[in-house]
Amino acid sequence: MDIEQLMGQVTIERLRARGSVKWSATSGDQLGAFIAESDLPLAPAVTEALHAAVADGLTGYLPAPVAAATGAACAAFQQQRFGWAVEPGQVQLLPDVLGAFSFTLSHLVGAATPVVLPTPAYMPFLELPGALGHELRTVPMDLIDGRFVLDPARLETALAGGGLLVLINPHNPTGQVATREELLAVAAVVERTGATVFSDEIHSPLVYSGAQHVPYAALDERTAAHTVTAVSASKGWNLPGLTCAQLILTSAEHRQRWDATPFVSRHGTSPLGAVAATAAYSDAGVAHLDASIDYLQRGRDLFAARMAQAPAIGYTPPAATYIHLLDLRPAGIEPAEVAQRTGVLGTDGTACGTPGLLRLTLATSHAVIGEIADRIAGL
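Notes on the structure follow. (Residues numbered from 1 in each chain as written. Predicted model: local features only at pLDDT ≥ 70, side-chain atom pairs only at ≥ 80, totals over all residues. Heavy atoms only, no water.)

### Re the overall build of the chain
- Within the chain, the regular secondary structure consists of 15 helices and 15 strands.
- Computed over the C-alpha atoms, the radius of gyration of the chain is 20 Å, within 12% of the 21 Å expected from 2.2 N^0.38 for a compact globule of 379 residues.
- Considering only C-alpha atoms, the chain reaches an extent of 55 × 55 × 35 Å along its principal axes.
- Counting over 379 residues, the chain shows a buried share of 53%.
- Accessible surface, the chain: about 15,000 Å² in total, of which carbon and sulfur atoms supply 55%.
- Side chains of the chain give 22 positive and 35 negative charges; the mean places of these two sets differ by 2 Å. (Helix = DSSP H or I, 4+ residues; strand = E, 2+ residues; numbered from the N terminus. Rg over C-alpha atoms; globule rule 2.2 N^0.38 Å. Buried < 20%, exposed > 50% of the residue type's maximum accessible area, 1.4 Å probe, protein only. Areas by Shrake-Rupley, 256 points an atom, 1.4 Å probe, with all protein chains shown as cover. Lys, Arg positive; Asp, Glu negative; His and termini not counted. Charge placed at Lys NZ, Arg CZ, Asp CG, Glu CD.)

### Quick notes on the sheet that holds strand 8 (residues 196-200)
- Reading across the sheet, the 7 strands line up as 2-10-9-8-7-3-4 and stay open at both edges, with mixed pairing between neighbours. Each edge of the sheet is formed by a strand with only one pairing partner; in this case those strands are strand 2 (91-94) and strand 4 (136-140). Strand after strand, the sheet turns through a mean of 25° between neighbouring axes, direction not considered.
- Inspection of the sheet shows strand 2 paired to strand 10 (residues 245-249) by 4 bridges, in the antiparallel sense. Counted as the bridge partner of valine 91 is isoleucine 248 from strand 10.
- Packed on one face of the sheet, helix 6 (residues 97-108) meets strand 2, strand 3 (115-119), strand 7 (164-168), strand 8, strand 9 (227-232) and strand 10 and runs near 160° to strand 9. (Pairing = 2+ DSSP bridges. Axes fitted to C-alpha atoms, helices over the stretch in contact; angles between N-to-C directions. Contact = heavy atoms within 4.5 Å.)

### Concerning empty space enclosed by the protein
- Inspection of every chain in the model, using the stated rule, returns 1 cavity of 30 Å³ or more.
- What the largest cavity holds in volume is close to 110 Å³.
- Along its surface, the largest cavity is lined by 14 residues, and Ser38, Leu40, Gly236, Trp237 and Ser292 are the ones closest to its centre.
- Across the lining of the largest cavity, the residue classes break down as 8 nonpolar, 5 polar and 1 charged. (1 Å grid on protein atoms, 1.4 Å probe; cavity = no way out; pocket = protein on both sides within 12 Å on 5 of 7 lines; lining within 4 Å. Points joined across faces, edges and corners; volume = space filled by probe spheres on them. Nonpolar A, V, L, I, M, F, W, Y, C, P; charged D, E, K, R; others polar.)

### Considerations on the side chain of threonine 70
- Structurally, threonine 70 can be placed in helix 5 (residues 64-82).
- Exposure remark for threonine 70: the relative accessible area of 0% places this residue in the buried category.
- If we skip the residues at most four places from it in the chain, threonine 70 touches Leu93, Cys244, Gln246, Ala274, Ala277 and Thr278.

### Here we look at the sheet that holds strand 11 (residues 314-315)
- Taken in spatial order, the 4 strands of this open sheet run 11-12-15-14, and their pairing is antiparallel. Because the sheet does not close on itself, it has two edges, and the strands there are strand 11 and strand 14 (347-348).

### Here's the deal with the nonpolar core
- Residues Trp237, Phe303, Met307, Leu326, Leu360, Ile372 and Ile376 are the most contacted members of the largest nonpolar core, which totals 67 residues.
- With near-sequence residues (within four places) excluded, tryptophan 237 lies in contact with Leu42, Ala43, Phe77, Pro205, Ala280, Tyr281, Gly285, Val286 and Leu289.
- Ranked by size, the runner-up nonpolar core spans 24 residues in total, among them Leu105, Leu164, Val166 and Ala245. (Core = buried A, V, L, I, M, F, W, Y, C linked by side-chain atoms within 4.5 Å.)

### Some remarks on the packing of aromatic side chains
- Here the structure, examined in full by the defined rule, presents 10 aromatic pairs.
- With a centroid separation of 5.7 Å and 80° between ring planes, the pair formed by tyrosine 122 and phenylalanine 125 is classed as edge-to-face.
- Looking at phenylalanine 125, the relative accessible area reads 1%, which means it is buried.
- Three or more aromatic residues joined by ring pairs make a cluster, and in this case those are Phe77, Phe82, Trp237 and Tyr281. (Phe/Tyr/Trp six-rings, centres within 6.5 Å; stacked < 30°, edge-to-face > 60°.)

### With respect to the packing of helix 4 (residues 44-55) against helix 12 (residues 271-280)
- Contact pair helix 4 / helix 12: the axes reach a minimum separation of 8 Å and the direction vectors enclose 145°. As for how helix 4 packs across helix 12, the hand of that crossing is right-handed. The segment helix 4 lies against helix 12, with Ala45, Val46, Ala49, Leu50, Ala53 and Val54 engaging Leu272, Val275, Ala276, Ala279 and Ala280.
- Of the residues in the contact of helix 4 with helix 12, the class split is 11 nonpolar, no polar and no charged. (Left-handed = near helix turned anticlockwise from the far one by under 90°.)

### Quick word on the side chain of lysine 235
- Mapped onto the elements, lysine 235 comes out in the loop between strand 9 and strand 10.
- For the buried lysine 235, no salt bridge exists, and the shortest N-O distance to an oppositely charged side chain is 8.6 Å, to glutamate 37.
- When sequence neighbours within four positions are dropped, the list of residues in contact with lysine 235 reads Ala36, Ile202, His203, Leu206 and Tyr322. (Salt bridge = Lys/Arg side-chain N within 4 Å of Asp/Glu carboxyl O.)

### Regarding the environment of valine 228
- The residue valine 228 is located in strand 9 in this model.
- Residue valine 228 is classed as buried on the basis of its relative accessible area, which comes to 0%.
- C-alpha separation for the pair valine 228 and serine 199, spaced 29 residues apart in sequence, amounts to 6.1 Å.
- Apart from residues no more than four positions distant in its own chain, valine 228 is found in contact with Thr104, Leu108, Val197, Phe198, Ser199, Leu247, Ile248, Leu249 and His254.

### Regarding the pairing of strand 9
- Of all 6 residues in strand 9, 6 are buried, a share of seventy percent or more.
- Of the two faces of strand 9, the one lined by Thr227, Thr229 and Val231 and the one lined by Val228, Ala230 and Ser232 are each fully buried.
- Bridge analysis of strand 8 against strand 9 gives 4 bridges, and the strand direction is parallel. When the bridges of strand 9 are listed, aspartate 200 appears paired with alanine 230.
- Of the strand pairs in this sheet, strand 9 and strand 10 are connected by 5 bridges, and their pairing is antiparallel. Considered in strand 10, the bridge of threonine 229 is made with isoleucine 248.

By themselves these figures say nothing about function.
The following block contains the structure:
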């Protein structure tokens with residue numbers, strides 16, 4: 001069966017029985033949309049690779065040949081998908097992107113390096129810097145004609161004297177895809193301030209037609225030298241529980257620092273996660289990804305059409321990701337009211353650094369998406 005047929009058979013009862021986080025945390029008529037889990041079927045190539053690995057007993061620690069295969073598969077995917085020439089030796093494995101961010105803060109930049117974060121942003125990026133002893137400087141973006149825009153002058157002030165800029169692209173939670181011109185403007189500021197960039201590109205596989213992802217480090221030699229890039233198959237193929245992210249180190253200095261760190265600080269990637277990622281990046285895995293994107297894009301369009309019935313709520317359909325962001329401020333609605341009045345559980349924008357927004361994750365059946373949209377539009 002194709003994805004359309006499989007998703008047509010999905011019911012809320014079956015989703016609850018599966019027991020994922022968002023469905024085990026809801027009950028009654030509640031609908032979960034607060035966590036980046038997908039209800040779409042796993043890629044057959046991934047399922048087959050995992051079954052074979054378990055049958056072979058690959059449940060110990062991560063073997064070097066398995067890690068090398070994943071690095072090569074990741075590099076090939078970046079080349080084929082985005083035209084970015086990555087050497088397999090530049091790809092290292094860590095359990096997840098947040099672990100890659102923690103590793104960067106602890107080992108690739110100085111202990112006193114401030115973290116600069118445009119907001120709204122993915123929630124943990126507001127929490128981790130302080131937990132690891134780094135100053136956090138937030139830079140609110142401006143909402144202009146439905147698009148969140150980063151002011152270069154404001155960014156330069158925040159990065160004055162150097163820092164680590166967290167660049168999320170495609171963006172979570174806005175679903176925006178940065179243009180080449182926007183990225184070049186950021187690069188100019190980073191170069192002038194002597195800063196480093198942590199580029200979170202975990203959602204880059206999930207870009208819809210009409211948009212094009214440009215890896216920040218691929219812009220030119222300058223960005224390659226000052227960037228640490230984190231990617232993963234976890235969002236595109238729904239593999240976060242298998243713990244395998246890829247850290248792409250295009251800077252020779254960063255690779256030297258990686259080599260100099262204790263093994264224990266970069267340990268813990270699951271061999272099953274590595275096997276799954278390698279299968280995801282294969283031709284068969286990418287074919288499944290493309291089918292998933294088609295299904296998700298039609299779900300996005302369905303949601304947008306239903307939300308047009310509530311013009312007081314600000315909404316721009318995402319150009320990538322299954323994350324949708326609602327601006328409730330024009331309607332005078334508080335995010336907490338949505339859960340209370342509709343049973344739809346999203347994420348309050350306060351946790352993303354911008355009160356008045358509501359973040360929804362909609363990687364689910366079109367029937368559930370329609371129900372979520374109808375409930376919110378009826379407020």
